[in-house]
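One-letter residues, chain by chain:
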Amino acid sequence: MPSIFSYQSSEVDWCESNFERSTVIAEYYNTISNVSFFILSPVLLYLNRQYRQQRAFALYFVSGLLFCVGIFSTYFHMTLSYVGQLLDELSILWTLAVAYAFWYPKVYFPRLFAGGKHFFWLSGITTVISTLMSFIKPAFNAYVLNCIAFHLLYLTRRELKKCNDKRVHRMAKVMVMWWVLAISSWLSDRWLCGLWQAINFPYFHSFWHVLIAMSLLYCCPLVIYFDINYEMPMFKPKLGYWPSDSWPVVVPYIILEEPHKQC
Ligand SMILES: CCCCCCCC/C=C\CCCCCCCC(=O)N[C@@H](CO)[C@H](O)/C=C/CCCCCCCCCCCCC
Ligand SMILES: [Ca+2]
Ligand SMILES: [Zn+2]
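Residues numbered from 1 in each chain as written. Chains lettered and ligands numbered in written order. Predicted model: local features only at pLDDT ≥ 70, side-chain atom pairs only at ≥ 80, totals over all residues.

Student: Please explain the site of ligand 1 as it appears in this structure.
Tutor: Contacts to ligand 1 come from 28 residues, most closely from Thr-95, Ala-99, Ala-142, Leu-145 and Cys-220. For the shell around ligand 1, the elements supplying multiple residues, two or more each, are α4 (56–79), α5 (82–103), α7 (138–161), α8 (166–191) and α10 (204–231). In terms of residues, the shell around ligand 1 owes the most to one element, α10, which gives 9 residues. Considered class by class, the residues forming the shell around ligand 1 number 22 nonpolar, 5 polar and 1 charged. (Near = placed C-beta within 6 Å. Helix = DSSP H or I, 4+ residues; strand = E, 2+ residues; numbered from the N terminus. Nonpolar A, V, L, I, M, F, W, Y, C, P; charged D, E, K, R; others polar.)

Written out as structure tokens, the structure is:
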């Protein structure tokens, strides 16, 4: 009986051919494309340093978890092992759970959980139960995780309705654009593999890694922007672009200004 750590013990196998470029790395491009997550965390921490000073624990914690997602995803695509797959999926689940626990706006709490503390415990218990359930059918977990993006889209829409800053609307549109490209790549790698192999281009899952990291690069400042509006009334969040506004490719980040707020 193969060990749960052994190569190819996972029931999921992505479209890229295995061991084509290396004898130790099962899926070469799917493995190296995880570098996007190793870049994402330090970029977030560096650019949003004013916010980091205010909410150091939350930002360091979630950036650390995103880095772990990168490590486990690398391990998974390198080995295609059962343990790799579960670590990959569970690290995503826990990153999402922790991000919700830190940043889910109190105004959306069900009335029963108005205090916040109960909501925190409910999220924790739900995550522990989901963790246990994820062992039942691991191949199904990724679909469930992807559905959470729809809830994030819904929350973004509701927040944008209350916001008249055009730059924030633009940032949300760019985030959605990256996410649509990302999810299309993920689905096409899952469902259209025969076609991609026929044209010798089975690399859509590695595009997914890069594109979802791009989407998170826009999603995180958006979350920070709304958090400042809700939780830090002494500051006014302002959207900045690195390296500068005039560059064709830019990375958004949040600047904290002292006076009154706009949204
Ligand atoms: C201020 C910071 C706020 C941060 C909030 C966001 C927290 C996001 C948490 C985790 C997302 C990581 C997703 C990367 C997955 C990479 C690993 C991977 O590719 N795994 C696959 C197998 O290799 C697996 O099949 C994928 C599973 C699906 C993951 C779905 C994640 C949903 C992420 C939602 C991102 C929202 C971005 C924009 C929303 C419109
Ligand atoms: Ca493969
Ligand atoms: Zn992956």
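Student: I'm lost on α8 in this one. Help?
Tutor: Given 3.6 residues per helical turn, the α-helix brings residues three or four places apart onto the same face. Under the 1.5 Å per step criterion, the end-to-end length of α8 is 37 Å for 26 residues, consistent within 8% with the ideal 38 Å. Those residues of α8 that fall on the buried side of the exposure criterion are Val-168, Met-171, Ala-172, Met-175, Trp-179, Ala-182, Ser-185, Trp-186 and Asp-189. Where α8 is buried, its residues contact α7, α9 (193–198), α10, β1 (236–242) and β2 (251–257). (Expected span 1.5 Å × (residues − 1). Buried ≥ 20, exposed ≤ 12 C-beta atoms within 10 Å, placed from the backbone. Contact = placed C-beta atoms within 7 Å.)

Student: Sorry, what's going on with unusual backbone geometry here?
Tutor: A negative phi angle characterises most non-glycine residues, just as the trans form characterises most peptide bonds. With an omega dihedral of 5°, the bond running from Trp-242 to Pro-243 counts as a cis peptide bond. Looking at where Pro-243 falls in the secondary structure, it is placed in the loop between β1 and β2. One non-glycine residue, Gln-8, adopts positive backbone phi at about 60°. Tracing the chain through its elements places Gln-8 in the segment before α1 (28–32). Here Asn-200, not a glycine, exhibits a phi torsion of approximately 60°, which is positive. Tracing the backbone through its elements, the reader meets Asn-200 in the loop between α9 and α10.

Student: Help me out: how do you make sense of the UniProt feature "binding site: Ca(2+)" (unreviewed entry) in the protein in this one?
Tutor: In this structure's numbering, the residues bearing the UniProt feature "binding site: Ca(2+)" (unreviewed entry) are Asp-13, Trp-14, Glu-16, Asn-18 and Glu-27. Relative to the helices and strands, Glu-16 resides in the segment before α1. Apart from residues no more than four positions distant in its own chain, Glu-16 is found in contact with Glu-27, Tyr-29, Asn-30, Pro-202, Tyr-203 and His-205. Mapped onto the secondary structure, Asn-18 falls in the segment before α1. Aside from chain neighbours lying at most four places away, what touches Asn-18 is Ala-26, Glu-27 and Leu-80. (UniProt positions renumbered as here; feature names shortened; annotations may be inferred.)

Student: Just checking my understanding: could you explain the environment of Phe-37 for this structure?
Tutor: Within the secondary structure, Phe-37 sits in helix α2 (residues 35–47). Considering only alpha carbons, one finds Phe-37 and Ser-188, 151 residues apart in sequence, at a separation of 21 Å. In this view, Phe-37 contacts Leu-66, Phe-67, Val-69, Gly-70, Ser-73 and Ala-213; residues no more than four positions away in its chain are not counted.

Student: Just checking my understanding: could you explain the environment of Trp-191 for this structure?
Tutor: Looking at the secondary structure, you find Trp-191 in helix α8. On the neighbour-count criterion, Trp-191 (10 C-beta atoms within 10 Å) is exposed.

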